[in-house]
Amino acid sequence: MLSIFEIVALLLGLSAMFGWLNVRFVKMPHMIGLLVMAFGSSIGLIALEKLVPGLGVTEELKRALEQIDLYTAIVNGMLAFLLFAGALHVDIHLLKGQKWAIGLMATFGVVISTAIVGLGVFGVCRLVGFEMPLIWALVFGALISPTDPVAVLGLLKVIKVPEAIKAQIAGESLFNDGAAVVIFIALLTIALGVPAGEPIESHWQPGSIAALFLFEAVGAIVFGLFTGWIAYRAMDSIDDPTVEILISLGICAMTYALALRLHISGPIAVVMTGLLIGNHRAERATSDGAGDHLFPFWAVVDEVLNSILFLLIGLEVFVFGVHPRNSWMILVAIPIVLFARWVSVSVPILVLSLKQSISPGAIPILTWGGLRGGVSVALALSLPATDYKSIILTATFAVVIFSIVVQGLTVERVIKRTAV
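Fair warning: this is a prediction, and the values are worked out from it, not measured in the lab. (Residues numbered from 1 in each chain as written. Predicted model: local features only at pLDDT ≥ 70, side-chain atom pairs only at ≥ 80, totals over all residues. Heavy atoms only, no water.)

Caption draft 1: Inspection of the packing of helix H7 (residues 108-128) against helix H8 (residues 134-144) at higher detail. The geometry of H7 relative to H8 is characterised by a closest axis approach of 7 Å and an angle of 135° between their N-to-C directions. In terms of orientation, H7 and H8 fall into the oblique class. In this structure, H7 crosses over H8, and the sense of that crossing is right-handed. Between H7, through Thr-114, Ala-115, Val-117, Gly-118, Leu-119, Val-121 and Phe-122, and H8, the contact on the second element is made entirely by Leu-134, Ala-137, Leu-138, Phe-140, Gly-141, Ala-142 and Ile-144. (Axes fitted to C-alpha atoms, helices over the stretch in contact; angles between N-to-C directions. Helix = DSSP H or I, 4+ residues; strand = E, 2+ residues; numbered from the N terminus. Parallel < 35°, antiparallel > 145°, perpendicular 65-115°, else oblique. Left-handed = near helix turned anticlockwise from the far one by under 90°. Contact = heavy atoms within 4.5 Å.)

Right, dumping it as structure tokens:
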């Protein structure tokens with residue numbers, strides 16, 4: 001069994017090797033290239049194991065990957081630093097200008113998408129003769145509906161997007177995790193507590209779910225602004241780059257950890273902290289050149305963690321595999337999720353268009369640019385062992401890989417054709 005240090009060394013080594021191969025030969029965007037090569041390596045190793053049974057080369061790698069609890073690694077670890085790093089570089093003034101669009105898509109948009117995906121998957125499963133209860137289809141809808149901030153913000157670094165749409169898609173990806181996690185936990189709790197054959201309505205309490213989300217979201221916003229203000233004032237009172245970076249690391253980790261202890265949204269709290277610190281530091285850097293060290297440091301943290309995360313997503317296929325009997329779900333899940341995304345974007349945007357002008361191409365760009373990533377994979381992996389986990393994992397991996405590779409590589413064409 002590999003030690004923690006050996007596992008980290010393996011991941012960093014593979015990230016460096018695949019990154020070099022991508023830059024030298026493949027020449028895809030960094031994260032997409034890593035995911036493609038990790039996924040390809042997983043498929044290759046699975047094929048090798050089939051061709052040469054008992055070779056034993058793949059077993060050690062599989063055992064090492066099985067030691068990694070991806071849900072804990074992402075949701076209770078990497079996500080805090082990735083969200084903070086992403087929020088640190090976002091202009092809050094742009095977000096304010098699109099606050100209604102962001103707010104609607106990050107809340108009602110997630111609810112709409114969850115419902116459409118759940119009902120769609122439930123209906124198709126019944127047509128093909130696979131018995132999946134509606135509540136479990138809705139659980140899948142909840143975990144696959146939020147756009148992934150890591151994937152989206154990484155995409156926005158390399159693709160030119162109209163400013164208004166950029167603010168909408170970045171803001172939505174930063175804030176919709178809070179809504180999605182609350183809905184996911186509520187639906188999963190119901191799913192685990194509904195006996196076979198009993199109607200969902202007897203357990204469904206939308207008022208309590210809404211109250212829970214309101215408490216988590218509002219509490220997280222207030223708490224995140226509070227911790228961000230403390231950190232900003234502390235950094236502003238000194239002129240020591242090393243200590244300022246330590247303060248930013250400490251406040252990021254403590255904000256997320258304390259938010260979880262207080263039963264409020266850790267993702268929303270750390271986003272607010274990052275937005276407050278980042279925008280205040282940016283203003284100070286513009287006026288007197290201070291803070292130049294903070295942003296490059298977090299840019300490096302962001303790239304390293306992104307590399308490891310997308311490598312892990314590709315390699316997880318090697319651990320869990322895709323059973324042939326579930327392969328039909330790949331063809332079902334992708335179009336349903338895309339349709340749900342289109343509706344969940346169109347409704348808020350069309351409502352807002354009654355009172356304000358909307359950027360050309362907003363709906364197709366927001367639809368195609370809504371990438372899924374590590375958050376959805378982590379939530380799917382966190383599901384308890386049930387008759388439906390295997391097929392939900394298959395659908396999740398399919399949607400995530402399709403969205404990052406196919407949508408990620410073609411969204412620039414969509415922008416050029418529609419943003420006129």
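Caption draft 2: The packing of aromatic side chains, seen in detail. The full count for this structure, using the stated rule, is eight aromatic pairs. Here Trp-368 and Phe-402 contribute two aromatic rings whose centre-to-centre distance is 6.2 Å and whose plane-to-plane angle is 85°, an arrangement assigned as edge-to-face. Residue Trp-368 is located in helix H16 (residues 362-368), and its partner Phe-402 is located in helix H18 (residues 389-418); the two are separated by 34 residues in the primary sequence. Take Trp-368: its relative accessible area is 22%, and that puts it in the partly exposed class. (Phe/Tyr/Trp six-rings, centres within 6.5 Å; stacked < 30°, edge-to-face > 60°. Buried < 20%, exposed > 50% of the residue type's maximum accessible area, 1.4 Å probe, protein only.)

Caption draft 3: Inspection of the packing of helix H15 (residues 328-352) against H18 at higher detail. Contact pair H15 / H18: the axes reach a minimum separation of 9 Å and the direction vectors enclose 60°. One way to sum up the angle between H15 and H18 is to call them oblique. Crossing geometry of H15 relative to H18 is assigned as right-handed. Where H15 abuts H18, its residues Trp-328, Met-329, Ile-330, Ala-333, Ile-334, Val-337 and Leu-338 lie against Ile-391, Thr-394, Ala-395, Ala-398, Val-399, Phe-402 and Gln-407. Across the contact of H15 with H18, the residue classes break down as 12 nonpolar, two polar and no charged. (Nonpolar A, V, L, I, M, F, W, Y, C, P; charged D, E, K, R; others polar.)

Caption draft 4: Representation of the environment of Thr-107 within the structure. Turning to its location among the elements, Thr-107 is positioned in the loop between helix H6 (99-106) and H7. Its relative accessible area of 23% is what places Thr-107 among the partly exposed residues. Excluding residues that lie within four positions of it along the chain, Thr-107 makes contacts with Ala-179 and Phe-213.

Caption draft 5: Looking closely at the side chain of Ser-344. Tracing the chain through its elements places Ser-344 in helix H15. Only 3.0 Å separates the side chain of Ser-344 from the backbone oxygen of Arg-341, close enough to count as a polar contact. Sequence-distant contacts of Ser-344, that is, excluding residues within four places in its chain, are made with Met-105, Gly-109, Ile-112 and Ser-113. (Polar contact = N/O pair within 3.5 Å; in protein donor to acceptor, adjacent residues only side chain to side chain.)

Caption draft 6: Structural view of a nonpolar patch on the surface. The grouping of Ile-4, Val-8, Leu-12, Val-300 and Val-304 at the surface amounts to a nonpolar patch, some 430 Å² of accessible area in total. Considering each element in turn, the nonpolar patch owes the most residues, three residues, to helix H1 (residues 4-26). Relative to the elements of secondary structure, Ile-4 occurs in helix H1. (Patch = residues over 30% accessible without salt bridge, like charges linked within 9 Å, V, L, I, M, F, W, Y side chains within 5 Å. Areas by Shrake-Rupley, 256 points an atom, 1.4 Å probe, with all protein chains shown as cover. Salt bridge = Lys/Arg side-chain N within 4 Å of Asp/Glu carboxyl O.)

On their own, these measurements won't tell you what the molecule is for.
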